[in-house]
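So the chains spell out like this:
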Amino acid sequence: MDFAFATAPGSDRPNEDHVVVSADWAFVLDGVTRPPGLDTGCVHGPAWLVRQLGDCLVGALTAAPAAPLDRVLATAIDRLRGRHGGRCDLSNPHSPSSTVAMVRAADDQVDYLVLCDSSVVFENADGRTVVHDDRTDTLPAYDRHTVARLRNRPGGFWVASTDPAAAAEAVTGRVARSGLRRLLLCTDGVSRLTEFFALDWAEVFGIAERSGPGAVIDTVRRHETGRPELLARPGRGPVKQHDDATLAVLLPRP
């Protein structure tokens, strides 16, 4: 599969997104930013976590190329636990975490997995389908206590952190490879184009095909700067003006 990708930080802080592509698979990760003063019980931050999780995913995907993607992710999270080196409290509910969006070609199918609020978007003869895990949209509140209480718990939401069992809660599926026209993976720093700024995914694909995935991120930045008042979710208040943004897009062969 011919993927092109781009990633950019949203500020002068280290980029907490991560992207890896190969001939047969691709994934994007979005580390959850730590609020100021929050005790995570961990000496590491989100940027460290996504790069370590990415390395563990590469190893798991390579070692078991036919394993279900949720099992691959569970293996990677389990290996990630060991990389904390015994220096961190892995039972802390605020431990660093990451979203996951992943695809893998498997014979005549393409498997996909989404955990938390990154996305996979594909287009075939049936139209465009957005695979998104929206469980963070329906929490009863978004204060630190409520989010920690519901993270990786039934009735709450699931994210890649310290519990391999979270992988079994991911949104998974497959699509026929022969009918696949376009495919895109992205973090929510890119999907805000459709969430807040009223673009549709056909426009996003079109920008990527005409000018490359970096142009999609440039489009995000122009909208964030020009219409910052649109960056708000009902009941949750405004979101940060600029977010880390990452996408990998399967471009059609010429």
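Residues numbered from 1 in each chain as written. Predicted model: local features only at pLDDT ≥ 70, side-chain atom pairs only at ≥ 80, totals over all residues. Heavy atoms only, no water.

### A few points about the overall build of the protein
And then number 1: Within the protein one finds 6 helices and 12 strands.
And then number 2: For 254 residues, the compact-globule estimate of 2.2 N^0.38 gives 18 Å, and the protein sits close to it at 17 Å.
And then number 3: Overall, the protein is about 50 × 45 × 35 Å in size when its C-alpha atoms are taken along their principal axes.
And then number 4: Expressed as a percentage of its 254 residues, the buried residues of the protein come to 52%.
And then number 5: Long-range pairs, those at least 24 residues apart, make up 68% of the contacts in the protein between residues at least 6 apart in sequence.
And then number 6: Treating the 28 positive side-chain charges of the protein as one cloud and the 33 negative ones as another, the clouds have centres 2 Å apart. (Helix = DSSP H or I, 4+ residues; strand = E, 2+ residues; numbered from the N terminus. Rg over C-alpha atoms; globule rule 2.2 N^0.38 Å. Buried < 20%, exposed > 50% of the residue type's maximum accessible area, 1.4 Å probe, protein only. Contact = heavy atoms within 4.5 Å. Lys, Arg positive; Asp, Glu negative; His and termini not counted. Charge placed at Lys NZ, Arg CZ, Asp CG, Glu CD.)

### Section: the sheet that holds strand E8 (residues 171-176)
And then number 1: An order of E2-E3-E4-E5-E8 is seen for the 5 strands of this open sheet, with the pairing classed as antiparallel. Pairing within the sheet leaves two strands with one partner each, and these edge strands are strand E2 (17-21) and E8. Averaged over all neighbouring strand pairs, the angle between strand axes comes to 10°, with direction disregarded.
And then number 2: The pairing of E2 with strand E3 (residues 25-31) spans 5 bridges and is classified as antiparallel. What sits directly across from Val 19, in E3, is Val 28.
And then number 3: Packed onto the sheet, helix H1 (residues 46-63) meets E2, E3 and strand E4 (98-106) and runs at close to 160° relative to E3. (Pairing = 2+ DSSP bridges. Axes fitted to C-alpha atoms, helices over the stretch in contact; angles between N-to-C directions.)

### Describing helix H6 (residues 213-226)
The periodicity of an α-helix, 3.6 residues per turn, causes residues three or four places apart in sequence to face the same way.
And then number 1: In this model, H6 (14 residues) spans 20 Å end to end at C-alpha, consistent with the 20 Å of a helix rising 1.5 Å per residue.
And then number 2: Listed in full, the buried residues belonging to H6 are Pro 213, Ala 215, Val 216, Ile 217, Thr 219, Val 220, Arg 221 and Glu 224.
And then number 3: Each element contacted by the buried residues of H6 is listed here: strand E1 (3-8), helix H4 (188-195), helix H5 (201-211) and strand E12 (245-250). (Expected span 1.5 Å × (residues − 1).)

### Side note on the packing of H5 against H6
Axes are the key here: two packed helices are described by the angle between their axes and the distance separating the axes.
And then number 1: The contact between H5 and H6 brings their axes to 6 Å, and the two run at 130°. Considering their axes alone, H5 and H6 lie oblique with respect to each other. Of the two possible hands of crossing, H5 and H6 adopt the one that is right-handed. Across the interface between the two elements, Val 204, Ile 207, Ala 208 and Ser 211 of H5 pack against Pro 213, Ala 215, Val 216 and Thr 219 of H6. (Parallel < 35°, antiparallel > 145°, perpendicular 65-115°, else oblique. Left-handed = near helix turned anticlockwise from the far one by under 90°.)

### Details of the sheet that holds E12
Two modes of strand pairing occur in sheets, parallel and antiparallel, and in both the strands are linked by backbone hydrogen bonds.
And then number 1: Taken together, the 5 strands give an open sheet; going across it, the order is E1-E12-E9-E6-E7, and neighbouring strands pair in antiparallel fashion. Strand pairing shows two members of the sheet lacking a second neighbour, E1 and strand E7 (127-132), which therefore form its edges. With strand direction ignored, the average angle separating the axes of adjacent strands in the sheet is 10°.
And then number 2: With 4 bridges connecting them, strand E9 (residues 182-186) and E12 associate as antiparallel partners. Each bridged residue has a counterpart across the sheet, and for Cys 186 the counterpart in E12 is Leu 247.
And then number 3: Contacting strand E6 (119-124), E7, E9 and E12, H5 crosses the sheet at an angle of about 95° to E9.
And then number 4: Lying on the sheet, H6 is in contact with E1 and E12; it crosses E1 at an angle near 35°.

### Focus: the pairing of E12
And then number 1: The element E12 is extensively covered by neighbouring structure, given that 6 of its 6 residues are classed as buried.
And then number 2: In the sheet, E1 pairs with E12 via 6 bridges, with the strands oriented antiparallel. Note on E12: the bridge partner recorded for Phe 3 is Leu 250.

### Notes on the nonpolar core
And then number 1: Phe 27, Leu 53, Leu 57, Leu 73, Val 100 and Met 102 are the most contacted members of the largest nonpolar core, which has 27 residues in total.
And then number 2: Those elements that provide at least two residues to this core are E3, H1, helix H2 (69-83), E4 and strand E5 (109-115).
And then number 3: Element by element, the count of residues in this core is highest for H1, at 7 residues.
And then number 4: Counting 24 residues, the second-largest nonpolar core is a separate cluster that includes Leu 184, Phe 205, Leu 231 and Leu 247. (Core = buried A, V, L, I, M, F, W, Y, C linked by side-chain atoms within 4.5 Å.)

### Here we look at the pattern of salt bridges
And then number 1: Under the criterion given, the structure shown has 13 salt bridges.
And then number 2: Measuring nitrogen to oxygen at the nearest pair gives 3.2 Å for the salt bridge that ties Glu 16 to Arg 13.
And then number 3: Classification of Glu 16 as buried rests on a relative accessible area of 6%.
And then number 4: Given the relative accessible area of 40%, Arg 13 is considered partly exposed.
And then number 5: Between Glu 195 and Arg 233 there is a salt bridge, with its nearest N and O atoms 2.8 Å apart. Separated by 38 residues along the polypeptide, Glu 195 in helix H4 and Arg 233 in strand E10 (residues 232-233) bring together distant segments of the chain.
And then number 6: By relative accessible area, which is 40% here, Glu 195 ends up partly exposed.
And then number 7: The buried category is assigned to Arg 233, whose relative accessible area is 19%. (Salt bridge = Lys/Arg side-chain N within 4 Å of Asp/Glu carboxyl O.)

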